[in-house]
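# Structure at a glance
Single-letter residue listing:
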Amino acid sequence: MAEAPAPPARLLGDDEVLAFVVRGYHLVRPELPPGFNEQVCAAIGALSANPGNGIYEQMPLLRQVYEHPQVCGALASLLGSDYRMNGHRHLHTNPPGSRSQGWHQDGTNVRHHQVWTVLGMYYPQTVTPEMGPTMVMPGTHFRNAPTDRLQTYANLRGQVPLTVEAGTVAITHYDIWHAATLNRSARPRHMLKFLFDRVSPPRAPSWSHDPAEAAKAAPRRLHEMVGTQGYCSDYYKEWELRQEMWNWLLGLDAPVPPGAFKDMLA
Ligand SMILES: O=C(O)CCC(=O)C(=O)O
Ligand SMILES: [Fe+2]
């Protein structure tokens, strides 16, 4: 019998893409079958060792997450429809009694204001504040901090713990500052980290784009305050960088001239 065609990817809208540009992350809650997350947790519990990059082959169930139309739709919206799953993937188990990780950005310090790689972190359990959620700092995908200094930062005002419902996939810009936090609970917290890469630069919006709606939403969204650092020169720089990322995603090859946001500071 012929296989049923895959349901179409559920693309993001302008407002969701704008929010990603500003914050550096987007949460997807795919509608997974009842009992699915529990099955994944049981499969993790049955592993004799962490399979590293082999986890996708060893746990074919995970295809249902990363091939889910809501997950694929969000990834295609941010990376283009020809995006690829990266060969690097990892099961991050945060055991009871762990210590917090230092703030860090994954990968090497090659920073830009485009969207070439994202993390897709899938949480098969509901993560409570005690279970050592991943902490993210909104907006920091634009902040190019030296990695050694980052390690010395502690709690930041405006940091967001990813206390999420079971089945959530957190899609984050690869450069966002993040850290695992200490697990005070009695249970291990599991997270499956997959990477996705863009293959080609955007020529046109790859999400569900409505030019009129986007033109209305963009000025408000791109000036939104994230975190609670207060207005400072970093913010003013960030406004331009956000606009640059948004323009790039739209497929416009127009750099934002320095001082483009000057009038808003008056
Ligand atoms: O386990 C987590 O919540 C995050 C882990 C992480 O970011 C890492 O090990 O690079
Ligand atoms: Fe990390």
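About the cut-offs
Residues numbered from 1 in each chain as written. Chains lettered and ligands numbered in written order. Predicted model: local features only at pLDDT ≥ 70, side-chain atom pairs only at ≥ 80, totals over all residues. Helix = DSSP H or I, 4+ residues; strand = E, 2+ residues; numbered from the N terminus. Rg over C-alpha atoms; globule rule 2.2 N^0.38 Å. Buried ≥ 20, exposed ≤ 12 C-beta atoms within 10 Å, placed from the backbone. Pairing = 2+ DSSP bridges. Near = placed C-beta within 6 Å. Nonpolar A, V, L, I, M, F, W, Y, C, P; charged D, E, K, R; others polar.

### Here we look at the overall build of the protein
Scanning the protein for helices and strands turns up nine helices and eight strands. The C-alpha atoms of the protein give a radius of gyration of 19 Å, which matches the 18 Å a tight globule of 266 residues would have. Projected onto its principal axes, the C-alpha coordinates of the protein cover approximately 60 × 55 × 30 Å. Taking all 266 residues of the protein together, the buried fraction comes to 34%.

### Re the sheet that holds strand E7 (residues 178-180)
Sheet architecture is open: three strands sit in the order E5-E4-E7, paired in antiparallel fashion. The open sheet has two edge strands, strand E5 (160-161) and E7, and neither has a second partner.

### Describing the site of ligand 1
Every residue lining ligand 1 is accounted for by His-92, Asn-94, Asp-106, Thr-134, His-178, Ala-180 and Met-191. Of the residues in the shell around ligand 1, the class split is two nonpolar, four polar and one charged.

### Focus on the pairing of strand E3 (residues 117-123)
The element E3 is extensively covered by neighbouring structure, given that six of its seven residues are classed as buried. Where E3 meets strand E8 (residues 189-197), six bridges bridge the pair, whose relative direction is antiparallel. Across the sheet, the residue bridging to Val-118 is Phe-196, located in E8. Bridge count between E3 and strand E6 (residues 168-173): six bridges; the pairing is antiparallel. When the bridges of E6 are listed, Tyr-123 appears paired with Thr-168.

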